[in-house]
Amino acid sequence: MLSVLINAYACSPGMGSEPGMAWNWCCALAQHCELHIITEGEFRGRIEAALPLLPHGRNMHFHYNPVPDKVRRMCWNQGDWRFYRHYRRWQESTYRIARDICGRERIDILHQLNMIGFREPGYLWKLARETGKPFVWGPIGGLKQFPVAYLRGAGWKMWLFNRVKNIVNVLQLKYGRRVGKAFGTASLLVSSIPDSYDMIKRHKGMESVIIPETGCFMGGGADGRPVGGGRGLRLLWVGKFDFRKQLGIAIRTLAAVKGMAGVELVVCGSGSGAQVEHYRRLAADLGVDGSIAWLGNVGNKEVMAEMRKSDLLFFTSVSDDTSTVVLEAVSCHLPVLCFDACGFGYVITGDVGVKVPLSNPAQSVSDFAGKIEYLYAHREALAEMSRNCRRRQEELSWGNKALQMVELYGKCLEAQKERPR
């Protein structure tokens, strides 16, 4: 059995986003490998409660490297650039922990798993240079460019931030010192989405394998459940009230179809006081506030329950990697309406959802409204997409991803044996 040392800053059972992504990867890989996982200590209680219940939990050995609460708050406050300084220090101390583990355990592979942002590759690449062990990096994310047409109507700060970020992404990828060393050392690069693959190929001249960072669970809802059932249409929107999630497009689309009886939008998520006020006022001004259920921040179980009651996940983000919520929808046999972009555009096929191209906000409202009108009138199309989710679940399952990764681990080791000494 292969022994893999994994760097996963955020890792926790029962969560989405980065913590859930790392946990699910590790649970799937533990069926084939012995894992030594270095993680931050925020979720230690959850991890240690869950491990004894897992069939392969004995193959998962956790090593904790906790940070102060104030650093955790910075991490949760996305956009707080102060976090990166602390995160780099965490990676430095994690390297020392990893070196100690390699000194007392048999380790075959070094894998930088998460956080997936390319800016911080950790230091396992340095350990790989010292030990000669293969270094695997990925899934790698954070390389997509924000589509500037969707900055129309944004304040000047948001406009400037995203414009500058697009430029900085390219500069850091091309010239970042540690980023360059990590790329140069890696035996295997894994891209989270096609955008990452394209950027790495274009600016580093290197190949990578595309494996979305998140995956599907099998089951999750009855195969071929009836959708629509002669009533209205229940649209579900899930996410933070973050500008890139474009909740405004969903609200304007609802206004564009408000002549259709029984169309409702259920919103799971929240934001700052100003963001909540902005979107509530927009809904009121457009005359659709009565057709929106504002559920606020709810837990993952509650979101999944809402998915099982809904007809369509309405995902309006213009700048994400794959997004856990999209894969959760497929797991729940819930068809998806989204942009043909980023990682969700890659995983949502015409069999399980409907996509519109990136264009501009006004055109997108029109495009989304047209798709909703079609699905409202063609309920069997929704039912067929729901049935098709079973097959897509299998293709995107955590088990399949783990098998793919283990095969790639083996190729790395074979390539290492063939290198001249």
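Above: the structure in question.
Here is a short report on the structure shown in this document.

Definitions and cut-offs
- The residue count restarts for each chain, going from 1 along the sequence in the order it is written.
- pLDDT decides what is reported in this predicted model: residues at 70 or higher carry local features, side-chain atom pairs at 80 or more are listed and counted, and totals for whole chains, interfaces and linings draw on all residues regardless.
- Heavy atoms throughout the structure, all of them, feed into the side-chain values; hydrogens and water do not.
- Numbering of helices and strands starts at the N terminus; helices are DSSP runs of H or I of at least 4 residues and strands are runs of E of at least 2.
- We compute the radius of gyration from the C-alpha atoms alone; for a globule the expected value is 2.2 Å times N to the 0.38, where N is the number of residues.
- Note on exposure labels: buried denotes an accessible area under 20% of the residue type's maximum, exposed denotes more than 50%, and partly exposed covers the range between, all computed with a 1.4 Å probe on protein chains only.
- Residue contacts follow a heavy-atom distance rule, with two residues in contact if any of their heavy atoms lie within 4.5 Å.
- Surface accessibility follows the Shrake-Rupley procedure with a 1.4 Å probe radius. Residue values consider only the protein chains on display as shielding.
- The sign given to each residue is positive for Lys and Arg and negative for Asp and Glu; His and the chain ends receive no count.
- A charged residue contributes its charge at one atom only: NZ of Lys, CZ of Arg, CG of Asp or CD of Glu.
- DSSP calls a pair of strands paired once it identifies at least 2 bridges connecting them.
- Here an angle of 0 to 180 degrees is reported between the N-to-C directions of two axes, which are lines fitted to C-alpha atoms, with helices fitted over the stretch in contact.
- Each pair of aromatic rings taken from Phe, Tyr and Trp, with Trp reduced to its six-membered ring, is defined by centres within 6.5 Å and is described as stacked if the planes are under 30 degrees apart, edge-to-face if over 60, and tilted in the remaining cases.
- Note on handedness: a crossover is taken as right-handed if, strands pointing away from the viewer, the path from the first strand over the helix to the second is clockwise.
- The salt bridge criterion pairs a side-chain nitrogen of Lys or Arg with a carboxyl oxygen of Asp or Glu, the two atoms within 4 Å.
- In this analysis, the expected span of each helix is defined as 1.5 Å times one less than the number of residues it contains.
- Bend at a residue means the angle formed by two fitted axes: the first through the 7 residues ending at that position, the second through the 7 residues beginning there.

1. Observations regarding the overall build of the protein
Broken down by element type, the protein carries 16 helices and 13 strands. The C-alpha radius of gyration computed for the protein amounts to 22 Å, which stays within 12% of the reference 22 Å derived for 421 residues, consistent with globular compactness. Principal axes of the C-alpha set define a box for the protein whose edges measure 70 × 45 × 40 Å. Residue burial in the protein is summarised as follows: out of 421 residues, 55% are buried. A separation of at least 24 residues holds for 77% of the contacts in the protein among residues at least 6 apart in sequence. Only carbon and sulfur atoms are counted for the fraction: they give 52% of the accessible area of the protein, which is about 17,900 Å². Here the protein contributes 55 positively and 40 negatively charged side chains, and the mean placements of these two sets differ by 6 Å.

2. A closer look at unusual backbone geometry
What is expected of a backbone is that most residues other than glycine have negative phi and most peptide bonds are trans. Residue Met 115 follows Asn 114 across a cis peptide bond; omega there is 15°. Topologically, Met 115 is positioned in the loop between strand E4 (109–114) and helix H5 (124–131). Even without glycine at this site, Gln 246 takes up a positive phi of about 55°. Mapping Gln 246 onto the fold places it in the loop between strand E8 (233–238) and helix H9 (247–256). At Ser 323, a position not held by glycine, the phi torsion is positive, near 75°. Along the chain, Ser 323 turns up in the loop between strand E11 (312–314) and helix H12 (324–331).

3. Looking at the sheet that holds strand E3 (residues 60–64)
Sheet architecture is open: 7 strands sit in the order E3-E2-E1-E4-E5-E6-E7, paired in parallel fashion. Strands at the two margins of the open sheet, each flanked by one partner only, are E3 and strand E7 (209–210). In this sheet, E3 lies alongside strand E2 (residues 33–39) in parallel orientation, the contact comprising 5 bridges. Bridged to His 36 within E3 is His 61. Those strands touched by H5 are strand E1 (2–8), E4 and strand E5 (135–140), and its axis lies near 175° from that of E4. Helix H16 (residues 398–418) rests against E1, E2, E4, E5, strand E6 (188–191) and E7 of the sheet, and its axis sits at about 140° to E4.

4. Some remarks on the sheet that holds strand E13 (residues 353–356)
Strand order in the open sheet made by the 6 strands is E10-E9-E8-E11-E12-E13, with parallel pairing throughout. The open sheet terminates on both sides in strands that have one partner only, identified here as strand E10 (292–296) and E13. On average, each strand axis in the sheet is inclined to that of its neighbour by 25°, with strand direction left out of account. The sheet contact formed by E11 and strand E12 (residues 336–339) spans 2 bridges and is parallel. Bridging from a neighbouring strand, Phe 314 pairs with Leu 337 of E12.

5. Remarks on the packing of aromatic side chains
For the structure on display, the rule yields 21 aromatic pairs. Judged by centre distance (5.8 Å) and plane angle (70°), the rings of Tyr 9 and Phe 83 are edge-to-face. Here Tyr 9 is found in the loop between E1 and helix H1 (17–29), whereas its partner Phe 83 is found in helix H4 (residues 82–104), with 74 residues between them in sequence. Of the two residues examined, Tyr 9 and Phe 83, each falls in the buried class. Each ring, one from Tyr 150 and one from Phe 339, has its centre 5.6 Å from the other, and the planes form 80°; the classification is edge-to-face. With Tyr 150 in the loop between E5 and helix H6 (156–175) and Phe 339 in strand E12, this residue pair connects regions lying 189 residues apart in the sequence.

6. As for the pairing of E12
The handedness of the E11 to E12 crossover, carried by H12, is right-handed. Of the strand pairs in this sheet, E12 and E13 are connected by 4 bridges, and their pairing is parallel. Bridging across to E13, Cys 338 finds its partner in Lys 355. As a crossover connection, the stretch from E12 through helix H13 (residues 342–347) into E13 is right-handed.

7. Some details on the pattern of salt bridges
Overall, the coordinates contain 22 salt bridges when judged by the stated rule. For Arg 72, the salt bridge is made with Asp 69, and the minimal N-O distance between the two is 3.2 Å. Placement of the pair is Arg 72 and Asp 69 together in helix H3 (residues 69–76), with a separation of 3 residues, close to one helical turn. Arg 72 gets classed as buried once you look at its relative accessible area, which sits at 16%. Look at Asp 69 and you get partly exposed, because its relative accessible area is 48%. Between Asp 340 and Lys 355 there is a salt bridge, with the nearest N and O atoms lying 3.6 Å from each other. Note that Asp 340 is positioned in the loop between E12 and H13 and Lys 355 in strand E13, a separation of 15 residues in sequence. By sharing partners, the salt bridges in this structure join Arg 234, Glu 264, Glu 306 and Lys 309 into a single network.

8. Details of the pairing of E6
Here E6 shows a buried face lined by Leu 188 and Val 190 and a second buried face lined by Leu 189 and Ser 191. When E5 meets E6, the two strands line up parallel, connected through 3 bridges. Residue pairing in the sheet places Ile 140 in a bridge with Ser 191 of E6. Where the polypeptide runs from E6 across helix H8 (residues 194–204) and back to E7, its parallel neighbour, the crossover connection is right-handed.

9. Some remarks on helix H15 (residues 379–396)
Here H15 spans 25 Å end to end across 18 residues, near enough to the 26 Å set by a 1.5 Å rise per residue. By the largest-angle criterion, Arg 390 marks the main kink of H15, which is about 35°. Considered for burial, the residues of H15 that qualify are Arg 379, Leu 382, Ala 383, Met 385, Ser 386, Asn 388, Cys 389, Arg 392, Gln 393 and Leu 396.

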